[in-house]
Amino acid sequence: MSRADAKRRVLPAGMISAAASDSALRLNADVVVVGLGAGGGMAFHDLALAGVDVIGVELGDYFAPEDMRCREEVMLPKLFMEGASRGTVDQAITVMQGKGVGGSTLHNTNLCKRLPEPILEIWRGQGVEDLGAELQADFQRVEELLDVHPVPDDRVNANNHALFRGARELGYRHAVLSHNRQGCRQSGMCELGCPNNGKQNAAKVLIPPALNAGGRALVHARVDRILTRGRQVCGVAGRAIDPLSGAELQPFEVRAERVVLGASATNSAALAIKSGLPDPHRLTGRRLHIHPGAFVMGVFDETIEGWKGVPQSAECTEFLNFGHDAEQRVWLVSGFAHPGAAAGLMPGFGAAHASMMRLYPNVAAIIAMVHDHYSGHVRPRDGERVQIHYRPDRAELNQVALGMREAARILFAAGARQVIIPTSPPRLLDSPAQLDGLTGAELGPFNPSMVAVHPMSTMWMGADPRSSVVSSHGAHHQVRGLFVADGSLFPTSIGGPPQIPIYTFGRRVARALLAGLPAR
Amino acid sequence: MVSFLRGVLGDKPELLMARMQTMGLVRTGRFFARLSRNPPPMPGKVPAWLSETLERAMTRVCAADDADFPDVRACGALDAALRFMGGMPSTTQEELQSMLAILEYAPYAFGPRRQRLTRLSDDEIDRLLLTLETSPLMPARAMFKALKSVCMMGYYTRPEVWPAIGYSLSGNPGVPAERR
Ligand SMILES: Cc1cc2nc3c(=O)[nH]c(=O)nc-3n(C[C@H](O)[C@H](O)[C@H](O)COP(=O)(O)OP(=O)(O)OC[C@H]3O[C@@H](n4cnc5c(N)ncnc54)[C@H](O)[C@@H]3O)c2cc1C
Ligand code: SF4
């Protein structure tokens, strides 16, 4: 995209493209928020509505509802970090994260859950404060703002019904999930961005009111450095990015005495490390949790067409326990993918793979997601790229095996005539009797193929600067004026969908920041 | 060239992988480009010899089981795959292209025959792909995974392919016609 094209782009009032500027941009504000996803978007919203002079800086593009196309090859490179090619350094686990105004909430599947009490208890034990009534009140206000409600029965599609049927048959604990949708027309296109503007996500609910209230947004702008003066933060600097070619353009700088990091658990930590922020206990970037997951597919006689309708509405929590000594830590949730991604998940290649793809309309899928105790770490790479070091150990692989076995059992109980388990080589099973041989001992990198969509931790909260990166309200322990407001904050993995907790902590961080601003 | 590769790699895939690890993916790709007197990987524009490798590999990765699947070459799958790659950061594009350069010469290390990939028969390419997919060497598996994901994204996103797998957007009332 040429500079002239960038200038012609129609953006909402208050939003400018760094790519459209003729020369290096220099802006000033009271607060700069890096990244406009769940956490950053909420902080931007609350600060702007409180009348603070705030600029949100976002690497990705702005997408109007009419920009969303129902085509994977068009949307995946635009909506996902690294053009949907992000993975662990050994490439064994694909890591999906969003970019653009709205961040990962643009393409997520809208599941909503609060943090479970046992997780809050663990966090309290690690020194995180104020996790009581005030946090629950914040959850409630966030849920109201985002219109969170249970998925209505008539919106549960055949793919999700399969999970319910199987779990019920086996007597496993299961439930209908809540979501944040209004105006949804059940297209099933959630992970490609909603073509009907039916998601109550950050882009729809938070950014427009923030801009109306005077907040400014700078898009196509990648922050590469957090600027400091001694131990005080004083702004951010980076480069404009051409939204079409990804080419680096002119530099920009935003000067502010307060900086909020909302660039996600991977990119915020990478940015902090790249900027050389003081980190005397070498904590930043460690403790990375990702909820690694494997897709287990059941082939049914009846048509499922799982790509139609609300993608995810059913969960099974029979094997999801919390606590250091929890022996079973898998969250089972229905899943689906459009043909390009589904073909990548289907094992093998060539004619045998093509034959399996013919079964696509008859497939129901369950994702076995591990509430991980194992943690990896993240380091910066070039541009938006990060190094994600994460190779599950035996304990985690045992959980993956447990999850795949139980997902398969549920699918058989729901009536599947065959179950496909994505091990290497793949297991094509005709009965649950064949499941017991599947143990963590046989698993390893690329076996099974895994996907992660929930990076967390890396700049976690706590009271003690020797064992945590930020305070219980997101203030950096070492750098004055620096706050963290995204998934990096979580001291542990949470074993469920992270967006509501991240939105909520984004709000709490904004409140703490506001309290410290000089009276205006 | 052939004897040189034989000298460097012998029959041992480990040597190719060790070379990749010490030199880095991109430098290994450039090394193969120089050796074969071809243009090096170029973010933004895939050199013709590397798109030929991708297309040839794609014919086998996405091989049909019956005639109702359209031919890879007839349905624009290569262009779609190249566009998909083009949406990645330039450094990732360079790495993927380097991976294609290495793949072109991978048969010298992984078999089944000392020849460039584009000169192998269908059956030979299938054997090579299986070797990569199941190799105990992690970089070989990573190479297979990256190749598979680009090929599948190129081929299965083509509307011409969808009738064979029962997928359609027109049968989905939630998908506005102008967004298909
Ligand atoms: C396919 C998929 C489905 C999901 N489904 C659900 C679900 O159903 N329910 C749920 O709770 N969660 C879901 N999630 C996860 C959830 O969306 C994320 O956990 C959450 O959005 C993360 O919030 P965040 O604020 O940490 O980061 P993000 O929302 O990812 O936002 C980070 C933002 O920072 C920007 N950024 C990064 N680096 C820079 C930089 N250097 N300069 C400027 N900007 C930068 C990015 O472009 C991005 O916009 C899903 C995720 C995926 C991938
Ligand atoms: S299922 Fe609903 S929310 Fe999801 S993309 Fe379709 S219309 Fe939008």
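Chain A is annotated in an unreviewed UniProt entry as GMC family oxidoreductase from Lujinxingia vulgaris. In the Sequence similarities (unreviewed entry) part of its UniProt record, chain A is described as follows: "Belongs to the GMC oxidoreductase family."

We now examine the UniProt feature "domain: Glucose-methanol-choline oxidoreductase C-terminal" (unreviewed entry) in chain A. Those residues carrying the UniProt feature "domain: Glucose-methanol-choline oxidoreductase C-terminal" (unreviewed entry) are residues 379-506 of chain A in this numbering. The span residues 379-506 of chain A is 22% helix and 15% strand, and its two end C-alpha atoms sit 23 Å from each other.

On to the UniProt feature "domain: Glucose-methanol-choline oxidoreductase N-terminal" (unreviewed entry) in chain A, then. Cross-referencing UniProt, the feature "domain: Glucose-methanol-choline oxidoreductase N-terminal" (unreviewed entry) maps to residues 78-292 of chain A in the present numbering. Between the C-alpha atoms that bound residues 78-292 of chain A the distance is 23 Å, and the span itself is 27% helix and 22% strand.

What follows deals with the domain arrangement of chain A. Residues and elements named next belong to chain A. Assigned domains within chain A: domain 1 (3-79 + 97-147 + 192-285 + 457-516) and domain 2 (150-180 + 292-370 + 392-444). Taken over C-alpha atoms, the centre of domain 1 sits 32 Å from the centre of domain 2. Contact residues are listed per partner, giving 23 residues for domain 1 and 18 residues for domain 2. A combined buried area of about 1500 Å² lies between domain 1 and domain 2, and 60% of that area is made up of carbon and sulfur atoms. Its largest share of buried area at the contact with domain 2, domain 1 owes to Glu 72, Leu 111 and Lys 113, together 33% of the area lost on that side. Here Glu 315 and Lys 113 are joined by a salt bridge, their closest N and O atoms 2.7 Å apart. Counting residues per element, the ones that place at least two in the side of domain 1 that touches domain 2 are β6 (111-112) and α4 (117-125). Broken down by element, the side of domain 1 that touches domain 2 gets its largest block of residues, 3 residues, from α4. Tallied by class, the residues present in the side of domain 1 that touches domain 2 amount to 10 nonpolar, 9 polar and 4 charged.

With 57 residues of chain A at the interface, the matching set in chain B holds 47 residues. When chain A packs against chain B, the two sides together hide about 4000 Å² of surface, and 56% of this comes from carbon and sulfur. When the buried surface of chain A facing chain B is broken down by residue, Phe349(A), Arg358(A) and Phe446(A) rank first, second and third, together holding 18% of it. Here chain A and chain B share 4 salt bridges between them. Across the salt bridge formed by Asp65(B) and Arg358(A), the nearest N and O atoms sit 2.7 Å from each other. Our enumeration of links across chain A and chain B arrives at 26 residue pairs in polar contact (both at pLDDT 80 or more). Those elements that provide at least two residues to the side of chain A that touches chain B are α3 (72-79), β5 (93-95), α9 (339-345) and α10 (350-357) of chain A. It is α10(A) that provides the largest number of residues to the side of chain A that touches chain B, a total of 6 residues. Here the residues of the side of chain A that touches chain B are counted per class, giving 25 nonpolar, 16 polar and 16 charged.

Conventions adopted
Residues numbered from 1 in each chain as written. Chains lettered and ligands numbered in written order. Predicted model: local features only at pLDDT ≥ 70, side-chain atom pairs only at ≥ 80, totals over all residues. Heavy atoms only, no water. UniProt positions renumbered as here; feature names shortened; annotations may be inferred. Helix = DSSP H or I, 4+ residues; strand = E, 2+ residues; numbered from the N terminus. Domains from an automatic or database assignment. Contact = heavy atoms within 4.5 Å. Buried area = accessible area lost by both parts, 1.4 Å probe. Salt bridge = Lys/Arg side-chain N within 4 Å of Asp/Glu carboxyl O. Nonpolar A, V, L, I, M, F, W, Y, C, P; charged D, E, K, R; others polar. Polar contact = N/O pair within 3.5 Å; in protein donor to acceptor, adjacent residues only side chain to side chain.

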